[in-house]
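Observations on the three-dimensional arrangement
For reference, the chains in residue letters:
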Amino acid sequence: MLDSTPKEMIQRKVGLINPAKTCQPIGAMYAALGIYRCLPHSHGSQGCCSYHRSHLTRHFRDPIMASSSSFTEGASVFGGGANLKTSIKNVFEIYDPDIMAVHTTCLTETIGDDIPSILSTAEVPEGKRVIYASTPSYVGSHITGFSNMTTGMVNCLVEPGEKEKKEQVNVLPGFVNPGDMREIKRMLKELGIKFIMFPDTTGVVDSPMTGRYQMFPRGGARVKDIQDSGSSKFTIALGFFASSEAAFLLDRKCSVPPVVLRTPVGIKATDEFLMTLRNRFIQDIPYELEEERGQLVDIMTDTHFHFHGRKVALFGDPDMLTAMTEFLLSLGMIPAYVLTGSPGALFEKEINTMLKAAGVEGKVRAAGDLFELHQWIKNGPVDLLIGNTYGKYIARAEDIPFVRLGFPVMDRSVHSYLPVVGYRGAMRLIEMISGALLDRADRDAAEEDFELVM
Amino acid sequence: MGLHEKDLNAIFERYPAKVRRNRKKHILVVKDTSQERQQIEANTRTIPGIITTRGCAFAGCKGVVLGPLKDMVHIVHGPVGCGYYAWLTRRNKARAEDPKKNFLHYCVTTDMQESDIVFGGEKKLSGMIDEVVEIFKPNAITVSATCPVGLIGDDINAIAREAQEKHKIPILAFSCEGYKGVSQSAGHHIANNGLMEGIVGQGEMTEPPHRFSINLLGEYNIGGDSWEIDRILQGIGYYLVAPMTGDGSFETLKNAHVAELNLVQCHRSINYIAEMLETKYGTPWLKVNFIGIQNTIDSLRDMALYFGDRELTQRTEEFIARELAMIEPVMEQYKKICQGKTAFCFVGGSRGHHYQGLFGEMGMDTVLAGYEFAHRDDYEGREIIPDIKLDADSRNIPDLKVTPDKELFRLKITPEKKKELQDKIPLSNYQGMIQEMKDGSLVVDDLNHFETEEFIRLLKPDLFASGVKDKYVAQKMGIPSKQLHSYDYSGPYEGFRGAVKFAEDVAMGFVSPTWNFILPPWKKDPL
């Protein structure tokens, strides 16, 4: 397994070997699924759309619907305006969504298709909408694509609202699972605060089994709610990389002040999320949430000796990693290697600041790849690896306990239904991490050291 | 099977006029196939906006054909996505004698950035090749192009040539940009051409290493399929020169020219190589099908007929008898569960046909079958190839013209013998899917999501067999679904043992108690 990865670090200057990111359009497609009765549309050759649907389906194990402009060579030469217009006609006639969310691909970006001007002359049926985002695959990563489509929602749907703001908050959850979005909504409901969340993929990519297939299930943010987000008191953008752009645009367009917070993974980030809401709405945290927090701290203190001083390598998406690094530090663990495939100098700076403050030495890398991470591990072993499914190859090659977290997780089920955010999510993370570490301790224990209680 | 014309028309009526005219040509109800050939439209453009299951030329080239070659590093020149999605997602298993020469777990991409799109990515590609050679020391390298590469005009052929000079290993470039052709099929063709030009025939062998030397073409070793075939072939006494391309390698592929016979499993993805091998090296090809018990037996008997060796024939029959004795009682068990049920089978460019025999052996009827990226000959048989009109999209894929190799061409059988055999076995021939389908069953080319839903409602199949993108659609309707691309991570499904495994998995899908919970008790027993 990965036998050709040498221990000696090799100076590499170009390209990636085993990427820790993928391209923008898949992120845009996922975000678009977070609108009720929305059909994502990939403007390019059909392979992209097919790959993205397959990949998302493997992660969520639910139908993922999206259409494509299905370019051939001719369209690539003469421009894709005709293909997009035909697509719009066919999509609304055959599938009847309320809204289509068009994103571009590296093909249509390279030939320079101007989506707004194509759309301005397209025939969109009465009462239907087409929104768009520019998502070149050669810029950023799937997180950028998610951010761009979320920004596209603000750009295309939100009108400058009334000056008088409503007692409601916009919550942009970032690139997280529907289980996480559900948990964020639950916390907001516990607080009794009126909110608008978008995108919201709950009920879309985790729809229930009813014996009836619905192309557009009940879930997703309602268009009218997204439109109304310009009237909210403020916006909480969870995760700088996935959510801040949309929040900034909402501020520019409708004077809704943005608050950019970490994805509420772990105790500190969840505290910050709740404190922001408490302070802005001047209301106390309900006992139910305080009780959950108390339970979490109880678990953390009960189990600290399993974690303290253990070295962890983690990779994934930047917003998840910043929050997760902080949580690992709260548990007394050492995030020895933190690597994202997405570009971002800010990411490295933020993690380094965190590590420094904790007095922990660690390597941090944005725009890295798993080949590099593997080489680091070969040169300085770790006790645990945390990352998406692709990490299992490194975990096996180096015989390291492995916790699956992030996107995509394709070889396990249930993960997308259960949260890692909030206090309950933190409990789940502790269960996953300690489970992996203790299973390994059991596996490696000599017969005479094998114990009933650990 | 009662499929009424009016039901079919009701589906068409829901389409806009242009779409209706187009789709009607891709759908047919099978009529008495002994009377006349039925025509179906295939390998034409996907309608923009239609939710199709098709992929692109890159997926066919790198994803399907090149990807399984284990001792080569496959570089994807383009932005990160294409390489990423084709990384470990096809299940083409491989064992390498030297673990340091198995690169299947690596995804190598030039990860083009905006500046590369503006200023060109050629430097980056040659730099990547240098690094790959330094790190992996592979026997050979492939470079596959993605959409923007063709548009900005990076000359990947020139870069590969220069790098080949520099590093003294074969470096093959494939211009398989996603927009080429109308589906994955274009990519298969491009890959076939490249492998023929760049690898096959370059090995040192001039004579077959064994009397019964064969190549296995169009078999991708999903879930270990080709290892089951290998077990059978070895058990009978064949020698496998080059598997293509599942568990395949540069090292074996380069000697593919010496085999006495080429077996073709997936006709669509590799018939080009089969034909070129015949022209260039004089090796005939035999259409085989190792999915299903009788299909496997027929294929083995056809092979024995080809070689015409008494002992080989005897060993074939003995092997078949031994296997049957082992599997028949087990199959009977599963047959009890599957008997009388129907299957909906939309998959690939051969499997839609290949699986029907196995379903039949399980007591199941296939009510609808079709392919994502087939050509008319896959449905109607190779006879109609001269009638296929070449359109602009196909014309863009270069046809490689090969001629008999001056040194290596060796007629493996005489023309007289070939003619005699062709009356008995599918030698250099494929009859196509429709021939073997029952009257009244439905054939659909490039089935799309709308039709999937409608046909499921209309035909009410008991089993839905397709790919990951539509699997959960059927399951949400309460219909068990099998992914016939990835086998739902089970398998192997080919050969004798594979048939049993498949029957077991399908039966499991039918009897699982989980389906009984769909309706909540309060819906069954309202207040």
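None of these values were measured; they are calculated from a predicted model. Residue indices begin from 1 for each chain and proceed along its sequence in written order. Chain letters and ligand numbers both follow the written order, the letters beginning at A and the numbers at 1. Note on the predicted model: pLDDT of at least 70 is required for a residue's local features to be given, and 80 or more for side-chain atom pairs to be given and counted; whole-chain, interface and lining totals, by contrast, use all residues. To get the side-chain values, all heavy atoms of the structure are used, and hydrogens and water are removed first.

Let us look at the overall build of chain B. Here a helix means four or more residues in a row that DSSP labels H or I, a strand means two or more in a row labelled E, and each is numbered from the N terminus. Tallying secondary structure elements over chain B gives 22 helices and 14 strands in all. In terms of overall dimensions, chain B is globule-like: its C-alpha atoms have a radius of gyration of 23 Å, near the 24 Å expected for 527 residues. In this description, contact between two residues means that some pair of their heavy atoms is separated by no more than 4.5 Å. Partitioning the contacts of chain B with sequence separation of at least 6, the portion at a separation of at least 24 is 76%. Using the Shrake-Rupley algorithm and a 1.4 Å probe, accessible areas are obtained, with residue cover drawn only from the displayed protein chains. Per element, the accessible surface of chain B, about 20,000 Å² overall, is 50% carbon and sulfur. Charge-centre separation for chain B: the mean point of 64 positive side chains lies 3 Å from the mean point of 72 negative side chains. Just to be clear, the radius of gyration here is over C-alpha atoms, and the globule rule we use is 2.2 Å times residues to the power 0.38. Charged-residue counts in this description rest on Lys and Arg as positive and Asp and Glu as negative, His and the chain ends being excluded. Charge positions are represented by NZ for Lys, CZ for Arg, CG for Asp and CD for Glu.

Bringing a nonpolar patch on the surface into the picture now. All names here are of chain A. Residues enter patches when they are more than 30% accessible in relative terms and free of salt bridges; like-charged ones are connected within 9 Å and nonpolar ones (Val, Leu, Ile, Met, Phe, Trp, Tyr) within 5 Å. Just to be clear on terms, a salt bridge is a Lys or Arg side-chain nitrogen sitting within 4 Å of an Asp or Glu carboxyl oxygen. Taken together, the side chains of F240, V260 and L346 make up a nonpolar region of the molecular surface, amounting to roughly 220 Å² of accessible area. Secondary-structure assignment places F240 in helix α10 (residues 240-254). With a 1.4 Å probe rolled over the protein chains alone, any residue whose accessible area is under 20% of its type maximum counts as buried; one over 50% counts as exposed, and the rest are partly exposed. The partly exposed category is assigned to F240, whose relative accessible area is 35%.

With 75 residues of chain B in contact, the opposing surface of chain A contributes 75 residues. The quantity reported as buried area is the accessible area (1.4 Å probe) lost by two parts once they are put together, taken as the sum for both. A per-residue breakdown of the area chain B buries against chain A is headed by Y84, Y85 and K476 of chain B, which together make up 13% of the total. One salt bridge connects K476 of chain B with D62 of chain A, and the closest N-O pair in it is separated by 2.5 Å. Under this definition, polar contacts are N or O atom pairs within 3.5 Å; protein pairs additionally need one hydrogen-donor-capable and one acceptor-capable atom, and for neighbouring residues in sequence, both atoms have to be side-chain atoms. One can count 30 residue pairs in polar contact (both at pLDDT 80 or more) joining chain B with chain A.

Moving on: the side chain of Q168 of chain A. All names here are of chain A. Mapped onto the elements, Q168 comes out in strand β6 (residues 166-172). With a relative accessible area of 1%, Q168 lands in the buried category. Reaching out from Q168, the side chain makes a polar contact with the side chain of K194 at a distance of 3.0 Å. Discounting chain neighbours no more than four positions away, the residues touching Q168 are K194, I196, D228, S231, S232, K233, F234 and F281.

This part is about the packing of helix α8 (residues 178-191) of chain A against helix α11 (residues 267-281) of chain A. All names here are of chain A. In this description, a line fitted to the C-alpha atoms serves as the axis of each element, helices being fitted only across the stretch in contact, and the angle between N-to-C directions of two axes falls anywhere from 0 to 180 degrees. Between α8 and α11, the shortest axis-to-axis distance is 11 Å and the interhelical angle comes to 40°. Classified by the interaxial angle, the pair formed by α8 and α11 is oblique. Both α8 and α11 take part in a crossing whose hand is right-handed. Packed against α8, whose contacting residues are I184, M187, L188 and L191, the element α11 presents T270, F273, L274 and L277 at the interface. Each residue receives one of three labels: charged for Asp, Glu, Lys and Arg, nonpolar for Ala, Val, Leu, Ile, Met, Phe, Trp, Tyr, Cys and Pro, and polar for the others, Gly being one of them. Among the residues forming the contact of α8 with α11, the class breakdown is seven nonpolar, one polar and no charged. Here the angle decides the label: under 35 degrees means roughly parallel, over 145 means roughly antiparallel, 65 to 115 means roughly perpendicular, and every other value means oblique. Handedness of a helix crossing follows the sense of rotation of the near helix relative to the far helix, less than a right angle counterclockwise being left-handed and clockwise being right-handed.

Attention now goes to the sheet that holds strand β12 (residues 442-444) of chain B. All names here are of chain B. DSSP calls a pair of strands paired once it identifies at least 2 bridges connecting them. Spatially, the six strands line up as an open sheet ordered β1-β12-β11-β10-β13-β14, and their pairing is mixed. At either end of the open sheet lies a strand with only one pairing partner, and these are β1 (27-29) and β14 (481-483). Between one strand axis and the next, the sheet turns by 15° as a mean value, whatever way the strands run. Against the sheet, helix α20 (residues 468-476) engages β13 (463-466) and β14, with an angle of about 170° to β14.

Attention now moves to the environment of C156 of chain A. All names here are of chain A. Structurally, the position occupied by C156 is in helix α7 (residues 142-157). Judged by its relative accessible area of 18%, C156 falls in the buried class. Other than its neighbours up to four places away in sequence, C156 contacts R129, I131, Y132 and K253.

Our next topic: the confidence of the model for chain B. Note on scores: pLDDT gives the predictor's confidence for each residue, bounded by 0 and 100. On average, residues of chain B score 96 in pLDDT, and 100% of them reach the 70 mark or higher. Confidence metrics for the complex model read pTM 0.98 and ipTM 0.97.

With that out of the way, let us pick up a positive patch on the surface. All names here are of chain B. Together, K18, R21, K25 and K389 make up a region of like positive charge exposed at the surface. Topologically, K389 is positioned in the loop between α16 (376-380) and α17 (392-395). Overall, K389 belongs to the exposed group, its relative accessible area being 74%.

The subject of this paragraph is a negative patch on the surface. Residues and elements named next belong to chain A. Negative charge collects at one region of the surface, where E447, E448, D449 and E451 lie side by side. Along the chain, the position of D449 falls in the segment after α17 (422-444). Exposure remark for D449: the relative accessible area of 47% places this residue in the partly exposed category.

Turning to the sheet that holds strand β7 (residues 195-197) of chain A, a few remarks are in order. All names here are of chain A. Here four strands make up an open sheet; going across it, the order is β7-β6-β8-β9 and the pairing parallel. The open sheet is flanked by β7 and β9 (258-261), the only strands paired with a single partner. With strand direction ignored, the average angle separating the axes of adjacent strands in the sheet is 20°. Alignment of β6 against β7, held across three bridges, turns out to be parallel. Paired with N170 across the bridge in β7 is I196.

Quick look at the pattern of salt bridges now. Scanning the model with the defined rule gives 60 salt bridges over all chains in all. Of the charged contacts, one joins D271 of chain A and R293 of chain A as a salt bridge, the two residues approaching to 2.8 Å between their closest N and O atoms. Here the residue D271 of chain A occupies a position in helix α11, and R293 of chain A occupies one in helix α12 (residues 287-307), the gap between them amounting to 22 residues. Here K418 of chain B ties to E278 of chain B by a salt bridge, and the two come within 2.5 Å at their closest N and O atoms. Pair noted here: K418 of chain B is in helix α18 (residues 415-422) and E278 of chain B is in helix α12 (residues 267-281), with a separation of 140 residues, a long-range link.

Residues and elements named next belong to chain A. Of all seven residues in strand β11 (residues 334-340), six are buried, a share of seventy percent or more. Where strand β10 (residues 311-316) meets β11, six bridges bridge the pair, whose relative direction is parallel. Residue pairing for β11: A313 is matched across the bridge by Y337. Following the backbone out of β10, through helix α13 (residues 318-330) and into the adjacent parallel β11, one traces a crossover that is right-handed. Both β11 and strand β12 (residues 363-365) contribute to a ladder of three bridges, which runs parallel. Whether a crossover is right-handed depends on one test, that the path from the first strand over the helix to the second runs clockwise when the strands point away from the viewer.

All names here are of chain B. Burial within strand β11 (residues 365-370) is extensive, with five of its six residues counted as buried. Strand direction decides the pairing type here: strand β10 (residues 342-346) and β11, joined by five bridges, are parallel. In the strand pairing of β11, C345 is matched with A369. In the classification by handedness, the crossover that spans β10, the intervening helix α15 (residues 351-361) and the parallel β11 is right-handed. As judged from the two bridges shared by β11 and β12, these two strands associate in the parallel manner. Pairing of A369 across the sheet is with V443, part of β12.

Residues and elements named next belong to chain A. P199 follows F198 through a cis peptide bond whose omega is -15°. Relative to the elements of secondary structure, P199 occurs in the loop between β7 and α9 (223-228). With omega at -5°, the peptide bond leading from F407 into P408 counts as cis. Examined against the element boundaries, P408 turns out to sit in the loop between β14 (402-404) and α17. A positive phi angle, near 55°, is found at S255, a position not held by glycine.

For Phe, Tyr and Trp, rings pair up if their centres lie within 6.5 Å, where Trp contributes its six-membered ring, and each pair is then called stacked (planes under 30 degrees apart), edge-to-face (over 60) or tilted (otherwise). All chains considered together, the criterion is met by 31 aromatic pairs over all chains. For the ring pair F146 of chain A and F175 of chain A, a centre distance of 5.2 Å and an interplane angle of 50° mean the geometry is tilted. One end of the pair, F146 of chain A, is in helix α7; the other, F175 of chain A, is in the loop between β6 and α8, and 29 residues separate them in sequence. Side by side, F146 of chain A and F175 of chain A carry an identical accessibility label, which is buried. Geometrically, the ring pair formed by Y238 of chain B and F307 of chain B is tilted, given 5.8 Å between the ring centres and 50° between the ring planes. Of this pair, Y238 of chain B sits in the loop between α10 (225-236) and β7 (239-245) while F307 of chain B sits in helix α13 (residues 293-307), placing them 69 residues apart in sequence. On the accessibility criterion, F307 of chain B (18% relative accessible area) is buried.

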